[in-house]
Each structure stands twice: as C-alpha cells, then as structure tokens.
Amino acid sequence: MPNPVKRGRPTVEEVLQVGRSTVGDVLQIGRNTVEEVLHVGRSTVEEVIQVGRNTVESARQLRQGTMQAAVLHGRQDIRIEDVPVPRAAHGELIVRVGAALTCGTDLKVFRRGYHARMIVPPALFGHELAGTVVEAGEGVEGFANGARVVALNSAPCGQCYFCKRGQENLCDDLLFNNGAYAEFIRIPARIVSKNTLIVPDDVPLEHAALTEPLACAVHGFLDSNPHPDDTVAVIGGGPLGLMMVHVAALSGCRVIAIVKHDGQVEAAKQLGAAHIIKTPSIQKAIRETRALTHNNRGVDIAIEAVGVPEAWEEAVEMVRKGGTVNFFGGCAVGTHVKLDTNRIHYSDITLRATFHHTPAICRKALDLIASGRFQAGAFITGHAHLYELNRVFEKLMNRSTEIKTAIVP
Ligand SMILES: [Zn+2]
Ligand SMILES: [Zn+2]
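Residues numbered from 1 in each chain as written. Chains lettered and ligands numbered in written order. Predicted model: local features only at pLDDT ≥ 70, side-chain atom pairs only at ≥ 80, totals over all residues. Heavy atoms only, no water.

Peer 1: Report on the coordination of the zinc ion (ligand 1), specifying residues and quantitative values.
Peer 2: Within the protein, Cys 103 (SG), His 127 (NE2) and Glu 128 (OE) serve as the donor atoms for the zinc ion (ligand 1), at 2.1 to 2.3 Å. Sequence spacing of the donor residues for the zinc ion (ligand 1), all on one chain, is C-x23-H-E. The same class applies to His 127 as to Glu 128, namely buried. (Donors = N, O, S within 2.8 Å, 3.2 Å for Na, K, Ca; no water. Buried < 20%, exposed > 50% of the residue type's maximum accessible area, 1.4 Å probe, protein only.)

So this is what it looks like as structure tokens:
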C-alpha cells in the first residue's frame, strides 16, 4: 500500500503553490485594473475640465464680441488680430474651432500672399477645420449648440449644369469658406445644408478636420479606375501624396511611392507603400518604377501629386499599356506639358485630372476616418497655438518632416 502521508505532502505543496500563484495573479490583475481605472478617470476629468474651460471662454467671448484670428496681409505676413466674433444669420452656424490643420494650399497662399480663386488680403484664412457649434441661426436643422461638426471648405450650388450632372466639384458657383485659423468661424448657409457633417463621438476633432484633404484623395483615387491588386505609383510625398498612398494601400493596391525627402520615406512606409523610391531624378524614378513591374511593362495607375509639369510628363512615362494616369497635382497658371502622342494613342492610355470633391465623397472620407482603418494620427505631426502660425508656416516652407500641424486656437 502506498504511504498516504507521502502522497499527501506533494499535493498540499502543489495546492499551496497554485494558490500562491493565483493570489499573485489576482493581485497583478487587480493592480493593472486599478491603474487603468485611475488613468481613464484622470483623462476623463482632464477632458471635462478642458471642455468646461472652452465652453466658459466661448460664452465670455461671444458676450464680449471679439476673438483672436489670423489675418493674412500679404506675402509671409500673418498677424494675429482682435476681430469681431461673427454672428449667425439665417441658416448659418458659428463654430468654435477645435482644430484647424495646415495644408499645402495655405502654404502656397502664405508664400504668394493671395489665392486667385479664394483669398484677397487682408483676409482670414485656413480651411480644414472641425469644432463645436456655439450658435445656430434661424432655420438651421440638425445642428444644436454643442454639436461636434466638420464643416467643409466649399459647397456646390446644386442648380447649375455641372451640379445637375453630378459633377458638383466643377460647380459654376462653388462657394468657398475661409477663416479656420481663428477662435470662431462662420459657416455659410449653403455649406451648413450641404457640407457640414456630425463628427462621431469617438473621433477626435483634429482627425475629423482631415475630411477635406482626404475627400480630395479619395475622389482622385476613385477617378483613376482602380482594381484591387493593381500596382499604383504615387509621385510626391507631400500631405496629399501620402494620403493617396494610404488610400490606395487600404484599397488593396500595391503602392510604389516616389518621394524626395528622407522623412517622407518613413511616412510612406508606415502608410502602406510596398516600395519606396527616393530620388530627385525623373529618369531614375521612371526606370525604377518600371523595374518593379512584370517585364518592365509599367504600373496600372500613375498618380501625380506634386503639381509641376515635369512630374505630369513623368507619370505618363511610367504607366502600362491601357493604364490610367491621374494628374492630381494642380500646376501654376500658364504652364504646359509635352506628351508623346504616339505612346498615348497606340498604348491606349487614359489621362485624367481630378479636382476637388463632391458632398458624397466628403461623407465617404469622414466614414473612412471614423472606421479606424485610416491612420489619421500619422498625418498630424505637430500641434501649435494660433500665435505660432507664422513660425509654423516658415518651418513648413523649409521642407521639414512635418506633414500637417494642428492649430489649436
Ligand atoms: Zn486643404
Ligand atoms: Zn453648381
């Protein structure tokens, strides 16, 4: 007969051991949970304090009637000034800006001191924003005070030849709105009714503010006749080029990113580019891009996102027979390109040039941001106060690794 005492001892020790580990586990889990709760609690309290502070400030300012805003006076001349807080007329909204993002277009405006279609100084500017409604004009439906919204930079008329054909991006009477680099912004009635969207609770305002540029990228991509598994070359590693890289990669395409700067290499990789070609040489970019395709045949889709004639010509040279080129980057007025007519005709190449966005595409863009698949955070590489706007643009002019800076007024 086996000795019951001997058999009993290991069992007791085992039980003790298991008990000890279990207690240890529970303690550890308990500790983590408590820490998590503390952390969540702390963030929530901080958020509430912040929101409360903004609300109180908004109320005070609305009463006083003045706000701080960036006013563009000319070339590289931004001044932060006290200007009247706008009031909402019929159908309009006043939005407290939660975040306004810098953009290539604003940088151009800063450098040149004007924008032919949109801005004549002295003028408020900035157009990528999301914020909170603080005043709704008479007749506004669907946007109460406190609603978190993203208001697009434009809205089509809905009446003209182009709008009626579903080409609202080409509207004869496209209404633009500027003035996002300010504490408050007035949203015109037409933008309120056609192009102002509620931001889902779990989407940060600065992410929602990416809706406008993303809408341009989604529009350009969908216009390029894409199929999953297509090989897509994107020329240009600026904010919109990188957005195009990300949109194409999320759609299941194999993306070749052609960039000029080191910082853009990392970003393109993170956003889903399968191959990155870093070179200032157009000939080398064409050669290396073709080498990444079967028998050097060229890519299915080439998207130009720089906005210079040489890059337009480069895009045509890297696409395959039957492929599509999208001249997505707008060039300076009066520039021209030289294209090989033989190649375009006998290789059956489709040339497209997508401009701007439509209300339907803007909704798609916000949905993509809200889906969580789109890495919104990767595009916002810095935060700054309104007072720092001059410095932010100067830094962007010097081709830093910054993609977009969120201006928090
Ligand atoms: Zn923009
Ligand atoms: Zn129209």
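Peer 1: Describe the sheet that holds strand E1 (residues 66-74), listing the residues and the values that go with them.
Peer 2: Pairing within the open sheet is antiparallel, and its 3 strands lie in the order E2-E1-E4. Pairing within the sheet leaves two strands with one partner each, and these edge strands are strand E2 (77-84) and strand E4 (123-124). Pairing of E1 with E4, which is carried by 2 bridges, proceeds in the antiparallel orientation. Residue pairing for E4: Leu 72 is matched across the bridge by Ala 123. (Pairing = 2+ DSSP bridges. Helix = DSSP H or I, 4+ residues; strand = E, 2+ residues; numbered from the N terminus.)

Peer 1: Account for the sheet that holds strand E15 (residues 319-327), with residues named and values stated.
Peer 2: In spatial order, the strands read E13-E12-E11-E14-E15-E16; together these 6 strands make up an open sheet with parallel pairing. Single-partner strands in this sheet number two, and they are strand E13 (275-278) and strand E16 (350-352). Averaged over all pairs of adjacent strands, the angle between strand axes in this sheet comes to 15°, irrespective of strand direction. In terms of strand pairing, strand E14 (residues 299-304) meets E15 through 5 bridges, oriented parallel. Looking across to E15, one finds that Glu 304 is bridged to Phe 327. In this fold helix H8 (residues 262-270) packs onto strand E12 (254-259) and E13, with an angle of close to 170° to the strand it touches most, E13. (Axes fitted to C-alpha atoms, helices over the stretch in contact; angles between N-to-C directions. Contact = heavy atoms within 4.5 Å.)

Peer 1: Please set out helix H7 (residues 239-250) residue by residue, giving values where relevant.
Peer 2: For H7, which comprises 12 residues, the first-to-last C-alpha distance of 16 Å matches the rise-based estimate of 16 Å (1.5 Å per residue) to within 8%. Phi turns positive one or two residues past the end of H7, at Gly 252, with a value near 90°. (Expected span 1.5 Å × (residues − 1).)

Peer 1: Which residues make up the packing of helix H2 (residues 104-112) against helix H14 (residues 389-397), and what are the values?
Peer 2: In a pair of packed helices, the angle between the axes and the distance between the axes together describe the arrangement. Between H2 and H14, whose axes approach to 10 Å, the crossing angle comes to 100°. Taken together, the axis directions place H2 and H14 in an arrangement best described as roughly perpendicular. Contact with H2, carried on its side by Asp 106, Leu 107, Phe 110 and Arg 111, involves Asn 390, Phe 393, Glu 394, Leu 396 and Met 397 of H14 and no other residues of that element. Partitioned by chemical class, the residues of the contact of H2 with H14 number 5 nonpolar, 1 polar and 3 charged. (Parallel < 35°, antiparallel > 145°, perpendicular 65-115°, else oblique. Nonpolar A, V, L, I, M, F, W, Y, C, P; charged D, E, K, R; others polar.)

Peer 1: Could you give me a rundown of the coordination of the zinc ion (ligand 2), with the residues and numbers involved?
Peer 2: Summarising the metal site, the zinc ion (ligand 2) is bound by the protein donors Cys 157 (SG), Cys 160 (SG), Cys 163 (SG) and Cys 171 (SG), whose distances to it range over 2.3 to 2.4 Å. Of note, the zinc ion (ligand 2) draws all its donor residues from one chain, in the sequence arrangement C-x2-C-x2-C-x7-C. Residue classification places Cys 160 among the buried positions, given a relative accessible area of 12%. Here Cys 163 falls in the buried class, since its relative accessible area comes to 8%.

Peer 1: Give a description of a positive patch on the surface that names residues and reports values.
Peer 2: Together, Lys 108, Arg 111, Arg 112, Lys 260 and Arg 399 make up a positively charged patch on the protein surface. Relative to the elements of secondary structure, Arg 111 occurs in helix H2. The class for Arg 111 is partly exposed, based on a relative accessible area of 40%. (Patch = residues over 30% accessible without salt bridge, like charges linked within 9 Å, V, L, I, M, F, W, Y side chains within 5 Å. Areas by Shrake-Rupley, 256 points an atom, 1.4 Å probe, with all protein chains shown as cover. Salt bridge = Lys/Arg side-chain N within 4 Å of Asp/Glu carboxyl O. Lys, Arg positive; Asp, Glu negative; His and termini not counted. Charge placed at Lys NZ, Arg CZ, Asp CG, Glu CD.)

Peer 1: I'd like a rundown of the packing of aromatic side chains, residues and numbers included.
Peer 2: Aromatic ring pairs are reported here in terms of the distance separating the ring centres and the angle at which the planes meet. Applying the stated criterion across every chain yields a total of 7 aromatic pairs. Among the aromatic residues, those joined into a cluster by ring pairs are Phe 110, Phe 125, Tyr 181 and Phe 393. In this structure, Arg 96 packs its charged tip against the face of Phe 184, placed 5.7 Å from the ring centre. (Phe/Tyr/Trp six-rings, centres within 6.5 Å; stacked < 30°, edge-to-face > 60°. Lys NZ or Arg CZ within 6 Å of the ring centre and 35° of its normal.)

Peer 1: An account of the side chain of Thr 196 is needed here, citing residue identities and associated values.
Peer 2: The topology assignment puts Thr 196 in strand E10 (residues 196-198). Side-chain polar atoms of Thr 196 contact the backbone oxygen of Ile 191, separated by 2.9 Å. (Polar contact = N/O pair within 3.5 Å; in protein donor to acceptor, adjacent residues only side chain to side chain.)

Peer 1: Lay out the nonpolar core with the relevant residues and their values.
Peer 2: Counting residues in hydrophobic clusters, the biggest one holds 51 residues, and the most contacted among them are Leu 210, Leu 214, Phe 374 and Phe 379. The residues contacting Leu 214, other than those within four sequence positions of it, are Met 243, Val 247, Ala 365, Leu 368, Ile 369 and Phe 374. By size, the runner-up hydrophobic cluster in this structure holds 34 residues, among which are Ala 151, Ile 185, Ile 187 and Val 392. (Core = buried A, V, L, I, M, F, W, Y, C linked by side-chain atoms within 4.5 Å.)

Peer 1: Report on the side chain of Asp 230, specifying residues and quantitative values.
Peer 2: Among the secondary structure elements, Asp 230 is positioned in the loop between helix H6 (211-222) and strand E11 (231-235). Of note is the side chain of Asp 230, whose polar atom sits 2.9 Å from the backbone nitrogen of His 227.

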